Amino acid sequence: MKTALAIAALAALTGPALAGGPTMIADDPMPAAAPAAADVHDWSGPYVGLSYGKTSGSLDYENPAFSYDVENGTSRSIHAGYLLQRGNFVYGGELAYSSLKDTQIVGFPAESYTKALDLKGRFGVANGRMLAYGVLGWSKVDFERGTTVTDFSGLAYGVGFAYAATNNIDVGLEYLSRTVDGTSPNGAPQTVTIGLDTLSLRVGLSF
């Protein structure tokens, strides 16, 4: 009797193996790799920088009226500002000083634009390390005739693009158009309207 029970138990244990072999349990699948984090950059904070640009413009007198073109020259600038970022929206202010060279009145080499001071508001949209922005502000341009220097002030506006090469260094391009006016160096009632445009390559250091 014991022998019959032992044979029955052995048959029960070996039956599955004889029928189909041992049941294999599959390993749990490996979890999918998490997607790489987006390459983001925070434009908030103070910054300083340098720029080098090409200039062009115009000079218009009224009462009586005369118009002159301006020789293309160069602009070397230093700027400082502060930006804030909220989501993708970036805004802030900037003060820039530019030294102008060879921005002379055509036919009158003794008359030229010598300096510019720009107070600008910057408003833009960031996409990762890229920033596209607009500029609106106030400018003062110095006009030199011989030994006499007259300054004119007015509106400035433009557009720009910046790329954050590192977390602290950015490079970009900016186009700025200024329209400034005031009393002519010849005296009232003659007035002067000056157009001064610059296209500049910029390098900035943020903190």
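Residues numbered from 1 in each chain as written. Predicted model: local features only at pLDDT ≥ 70, side-chain atom pairs only at ≥ 80, totals over all residues. Heavy atoms only, no water.

## Here's the deal with the nonpolar core
Spelled out, the test is: Take the buried Ala, Val, Leu, Ile, Met, Phe, Trp, Tyr and Cys residues and link them wherever side-chain atoms come within 4.5 Å; each set so joined is a nonpolar core. Relative accessibility thresholds used throughout: buried, under 20% of the residue-type maximum; exposed, over 50%; partly exposed, between the two (1.4 Å probe, protein chains only). For helices the rule is a DSSP run of H or I covering at least 4 residues; for strands it is a run of E covering at least 2, with both sets numbered from the N terminus onward. Whether two residues are in contact is decided by their heavy atoms, any of which lying within 4.5 Å being enough.
The biggest cluster of nonpolar side chains holds 14 residues, and the ones touching the most others in it are Leu59, Tyr113, Phe143 and Ile194. Secondary structure elements with two or more residues in this core: strand 1 (45-62), strand 5 (108-127), strand 6 (130-145) and strand 9 (191-206). Per element, the largest residue contribution to this core is three residues, and it comes from strand 9. Those residues in contact with Ile194 that sit more than four places away from it in its chain are Ser58, Leu59, Tyr113, Phe143, Phe152, Arg178, Thr179 and Val180. Membership of the second largest hydrophobic core comes to twelve residues, among which are Trp43, Leu131, Tyr133 and Leu176.

## What about the confidence of the model for the chain?
Just so we agree on the cut-off: One number per residue, pLDDT, summarises how confident the predictor is, and it ranges from 0 to 100.
When pLDDT is averaged along the chain, the result is 88, and 81% of the positions lie at 70 or above. Ranking the helices and strands of the chain by mean pLDDT puts strand 3 (residues 89-101) first, with 98, and helix 1 (residues 2-20) last, with 50.

## Description of the pattern of salt bridges
The condition is simple: For this analysis, a salt bridge means a side-chain nitrogen from Lys or Arg found within 4 Å of a carboxyl oxygen belonging to Asp or Glu.
All told, the structure shown has nine salt bridges when counted by the stated rule. A salt bridge links Glu94 to Lys120, with the shortest nitrogen-to-oxygen separation between them at 2.9 Å. Here Glu94 is found in strand 3, whereas its partner Lys120 is found in strand 5, with 26 residues between them in sequence. On the basis of relative accessible area, Glu94 is assigned to the buried category, the value being 2%. Ionic pairing is found between Arg122 and Glu94, a salt bridge with its closest N-O pair at 3.6 Å. Of this pair, Arg122 sits in strand 5 while Glu94 sits in strand 3, and the two are 28 residues apart along the sequence. Where salt bridges share partners, they join Glu94, Lys120, Arg122, Glu174 and Arg202 into one cluster.

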